[in-house]
Each structure stands twice: as structure tokens, then as C-alpha cells.
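# Descriptive analysis of the structure
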Amino acid sequence: MCGIVGYIGHREAWPIIIKGLHRLEYRGYDSAGVALQNGDLRIYKKAGKVSDLENFAAHEDLGGKMGMGHTRWATHGAPSDRNSHPHTSGDERLAIIHNGIIENYATLKDELISEGHEFRSDTDTEVLIHLIEHIQKKTGLDLRESVRVALNEVVGAYAIVVMSKDEPDQLIAARKGSPMVIGVGKDEYFIASDASPIVEYTKNVIYLNDNEIAYLKRDELLIKNLENVVKTPYVQELEIKLEMLEKSGYEHFMLKEIYEQPRSIRDCMRGRIHPEEGLVQLGGIKEYADKLKNVDRIIIVACGTSWHAGLVGEYLIEEYARIPVEVEYASEFRYRNPIITDKDVVIAISQSGETADTMAALELAKEKGATLFGICNVVGSSIPRLTHAGVYTHAGPEIGVASTKAFTAQVTVLTLMAFYMGQQRGKLSTSQSVSLLSELDQIPTLVEKALKSNDYIQQIASKFKDARNFLFLGRGTGFPVALEGALKLKEISYIHAEGYPAAEMKHGPIALIDEEMPVVVIATKNSSYEKVISNIQEVKARKGVVIAIVTEGDTEVKKMADHVIEIPDADEAFLPILATIPLQLLSYHIAVMRGCNVDQPRNLAKSVTVE
Ligand code: G6P
């Protein structure tokens, strides 16, 4: 959720921090703030976007070679100037930025109020900096120790950076449950919630672990855990490139990411498929081949779009590997008493690799002895570090809040896993594998072809941009695709949209259908094609307006539907990827026509690191 960036070194900090905040704005965009150290501690903060902060501070003194910045997604306290980060201690000598939630903040706040502390904001973050100040004053400990002691009293999740007016050469950063990366330069260090603000300055990074505190000076880095034990940092080389973080001429990141899919799907499969031999190789899980061969049940946990990918995975794994699969909303799974044993394999799907509910579901499964796999996009994020094994999606950084290329990459990985497990368990013959993998190898080209309908889809979008409701219907793997289509539309255009299994329509949603109701139907040539045609007739009989996604050359649906969008023909296994493309474009164009902020839709955040 919130984005954090920090710098200490020989360059001016403000431009680095502001640029970093722009790169992190996808994590939260309701307010932003910066603290700079130049003998004094100067803080500029403002409700609104990072650009509002820039305008606000344009004529201020922005000098200083050390500083930190924050872009917020509100949890405690409405978006406002006073709730924006950085927050300061009572004497205004200490400042903090924070991503996460301090769960026991109310108790701590009451205690601090009884000790005479006065608060200026409604945030949990301000409580933490007052606690640090309180410990420092009461015990006489230095700032390093006061932060450590304070963090030992905190329940919850955090990534924080602290700086002091009195210590012009020190930044203190710590994490528990919220991500934090340290970039290592020459006599300079960078801190950020993810590597995107760092990559243009250095490729060498350290991913801070949970319960670790980093003490950073210009030319010195010391990492300790909360028990005060010194830890040896592991410096890794970043794989992302700067151009992956730019819009590269596209109007929005979302459109760029939609158009990147031929490339991202290819990157996702690179080195993993050998069509001539009919072989799938997944290095990240190969040590667990035996486990997968004998597993009786797979549970998939995820949230949002990743959950939809999980549903596609359920169909594919059951079909090709014949392993029973359950797909769970991570948030629901963790709060009931799920039956999990050490025989189970639990797969977490997460673009960011840091969704709090998905992490918590995994932790629960870990306690019960399950084998944990991750399907994540962000390399080095928390979920891959928690799981026993996994497969990265390699889609590259996804900046648009509405997930597009991450979804198709997740589905690609699940397709690969389904085929891999099918082969391991003898459910997929070599000839079937050869044929499926040869076709899979062509999917990036077919996605490219599907993208060619863009102009036509834009025309359709113009007809429906003022609709108040939308229904999306599909059967089989078309059902999760319908759910994803509805989610995309509501996320970015704020039109109410529901995804439904086409046959379930008659048990409720059919009552909503009239001439005002656009109904998007996934009507590709698959095993439920005939049934879907009946469902289209049911909609038409009630004067609904049908937009059908069909396989190229289709003639049947064309006779009934008001609009048809063709996708290339392919084996049923690959239809979820191909059918998703026009739905992404449809929601994109509708949102643009409605004047919505496509990349930063209201109230949403790219990675949800709170419950
Ligand atoms: C947020 C994002 C969604 C995403 C979901 C799960 O709601 O806006 O796009 O699908 O979180 O995120 P994850 O990173 O775990 O895939």
C-alpha cells in the first residue's frame, strides 16, 4: 500500500525522493510527503498526488543530501494534510514514514497520552514516533536503541524510516511484514518499498528481512535484528530495467501493460517449455516433483485478480493433472478453521508477493505442515521468501493498479504447472504434451493478433460508456474470465459489473436484464459452446444487449449477438488467456472515455499490505 523512499549520500535528496515517489505512486496516492535533513529537519506534506506536493513545495528550500518520502493509501485517518506522512515526535526532532498498520496503536496512544503526549493526527504512525521519543527521553538510550526497543513493543506490520534533526548523517529503516529494499551505491544508500525507485541508480540491492533494522550512514550500513544481533546482508543484483518502469509512449501504464502481453507471456514460458519433446521444466518446483506426483489435494489461496487466475488454475489442474483443487479467498481461508494437513500443497498466487491476507493464509498453512508454493511476479518479495518453492511469472513490473499482464502470466504459469503435473502423474501422454506445448508456444503470437481488435473494441466501448451496469457471463474457464472482465470494468470505470457462470444467470441475474443491460458473453468454441448459445438466447429474449467474445470465423453467435469480438482459435486450455485480452481493452477504453484515472483508480492500491 503506502510507498516509501529514502536517500542518504552525496547527491541532492529531493529530486531522487520525488522521482522515487512518482514511481511508487501506484502503491497509494491520496497524499504525499517528504522530510529533508540539512542541519535542520524540514517536512513538506500534502493531501493529493505527488505532483500536488511538488507544486506545494516548489518555492521552499529543498536542499539536503539525506531525506525520505512517502505516498499514502489511508488506513487510519482520512486523507488530509495533517494525516500525511512524515509524522513527527512531540518535540518535532524526530520524523517517521510508515507503511503498514500498528495494531496496538490505541493502547500505546492511551499510555502516551497519560504521559502527556499530544497528537496532531489520527494515524497509528504518529503513535510510533511518539513512542520512540518517549523511550529515548525516559531511558536516555540513543536513537538506534530507542527505535529497536519501541519496535519490540509494537504489534502489527510495518516498514518504517526514521530520521532525526540531531543526527544529520543517519537514516534508520526497519521492516516487519511490509516490504523494504535497500539500494547499495558508492557512499550512498537508497531505501524503498520496492526496487523501482532504486534501479536507475544501482543494481545492487538488499531485501531487508522481517524483524530487521538497518542503520544507514553515507558510507556504512549495519543491519541488526530486533534482538540486537548483527545480521550479514545479502546483496543481490536487480533484474529489472529502467524502461520497464516508463510508459514508453503509451497514454497509460495499463495500456502499455496490455500491449506487453505477447512479450510477458513469452518471458514467462522462456526456457520452461520444450515443445518438440513435449516437456515442461519448472526449476523452482522440481525438487518437489515427488510431492506433486503423490499429492491428493491442492489448495490455491489468493485475492482479487490473482484469485481469478486461481480459478482458471483449478480447471486446468483438474483437467490435465487430475488433482482435486480448491480455490480460496485468502482472507476467508485464514479466518475459519480450514482443514489442512502435511499432505496438502498450498499454492499462493500474488502479483506483488506481499498481499497481507495471502501471506497470513500461507502462514496458517505452514503452521499446519502443508507444503507451500508461490506464484509471484515481484522477485524477492515476501511470499517467495515464505514458501518452500515456487514459479515466478516474470511479467516485469506491473504499474497500472488494475492487473493485466500479471493475470495472463499467472494463468500461463498455472497452465505450465497443470501440464507438468499431468506429465509427472502420467495423465498426459507425450503426444498430447507435444501438441499442447506446440500450441502454447504460439500463444504470444495469438495474443498479438487478439490485440489487433483494439480499434473495433474502442468503437464498442463508445456505445456502452454510459451504461450503469454490466453483466459478464461464461462457462468452464470462461467463468473466471467473466469474473475478471467484470472486475476490470468496475475497478477502473466505476460501472457496476458482475461476473456470473452463464447457467446460473437464470437463478437471479436474469431479473436484471432489459434493453439497458449490456451482457458480455464468453462464447468461444469450447466444450460449453452450445450451452452458452442457449444462454445468449435467454438474454436476447429479454431484450438484453449482447457483446460476445467469439472464436474467429464463428457464424452462430454472430446471428444473435449485437456485437461480436473475435479472438484467434486455440485449444480450450488457452482460451482464458486469449479471451481476457478484449475484456481488458473494453474496460480500458470505457474508463478512458468516462474520464477516469485508469492507472490510479479511486480507493484502490496495487498491493494491499493490510488486512
Ligand atoms: C489489489 C490489486 C489487485 C490485485 C489484488 C491482489 O486489490 O488492486 O489488482 O489482484 O490486490 O494482489 P496480489 O499482489 O496478491 O496479486
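Described below are features of the structure shown in this document. (Residues numbered from 1 in each chain as written. Predicted model: local features only at pLDDT ≥ 70, side-chain atom pairs only at ≥ 80, totals over all residues. Heavy atoms only, no water.)

Time to look at the overall build of the chain. The number of helices and strands found in the chain is 19 helices and 27 strands. Compactness check: the chain gives a C-alpha radius of gyration of 25 Å against a globular reference of 25 Å for 611 residues, within 12% of the reference. Expressed as a percentage of its 611 residues, the buried residues of the chain come to 61%. Considering only residue pairs separated by 6 or more positions, the chain has 71% of its internal contacts joining residues 24 or more positions apart. Surface summary for the chain: the accessible area is close to 22600 Å², and the carbon and sulfur share equals 47%. (Helix = DSSP H or I, 4+ residues; strand = E, 2+ residues; numbered from the N terminus. Rg over C-alpha atoms; globule rule 2.2 N^0.38 Å. Buried < 20%, exposed > 50% of the residue type's maximum accessible area, 1.4 Å probe, protein only. Contact = heavy atoms within 4.5 Å. Areas by Shrake-Rupley, 256 points an atom, 1.4 Å probe, with all protein chains shown as cover.)

What the eight strands build is an open sheet, ordered S3-S2-S4-S1-S10-S9-S11-S15; its pairing is antiparallel. Either end of the sheet is taken by a strand with one partner, and the two such strands are strand S3 (41-47) and strand S15 (236-237). Summarising the sheet, strand S2 (residues 31-37) and strand S4 (residues 66-72) pair through seven bridges and their orientation is antiparallel. Following the sheet pairing, Gln37 is matched in S4 by Met66. (Pairing = 2+ DSSP bridges.)

What follows concerns the site of the ligand. Taken together, 13 residues are adjacent to the ligand, and Ser306, Ser350, Gln351, Ser352 and Thr355 come closest. For the ligand, an oxygen atom lies 2.7 Å from a polar atom in the backbone of Gln351. Between the ligand and the protein, one listed contact pairs an oxygen atom with a side-chain N or O atom of Thr355 at 2.4 Å. Against a free-state accessible area of 390 Å², the protein chains account for coverage of 91% of the ligand. Ranked by residue count, the leading element in the shell around the ligand is helix H9 (residues 304-321), at three residues. Class assignment for the residues of the shell around the ligand results in four nonpolar, eight polar and one charged. (Near = heavy atom within 4 Å. Polar contact = N/O pair within 3.5 Å; in protein donor to acceptor, adjacent residues only side chain to side chain. Nonpolar A, V, L, I, M, F, W, Y, C, P; charged D, E, K, R; others polar.)

Turning our eyes to something else, we now look at the sheet that holds strand S14 (residues 230-231). Reading across from one edge, S5-S6-S7-S8-S12-S13-S14 is the order of the seven strands in this open sheet, with antiparallel pairing throughout. A single partner strand is all that each edge strand has here, and the edge strands are strand S5 (87-88) and S14. Here helix H4 (residues 124-139) sits on the sheet and contacts S5, strand S6 (94-102) and strand S7 (156-164); the angle it forms with S6, its principal contact strand, is near 130°. (Axes fitted to C-alpha atoms, helices over the stretch in contact; angles between N-to-C directions.)

Two elements, S7 and strand S8 (residues 167-176), share six bridges in a ladder whose sense is antiparallel. Among the inter-strand pairings, Ala159 is bridged to a residue of S8, identified as Arg175. Following S7, the chain reverses through two residues before pairing antiparallel with S8. Inspection of the sheet shows S8 paired to strand S12 (residues 212-217) by five bridges, in the antiparallel sense. Paired with Ala174 across the two strands is Ile213, which belongs to S12.

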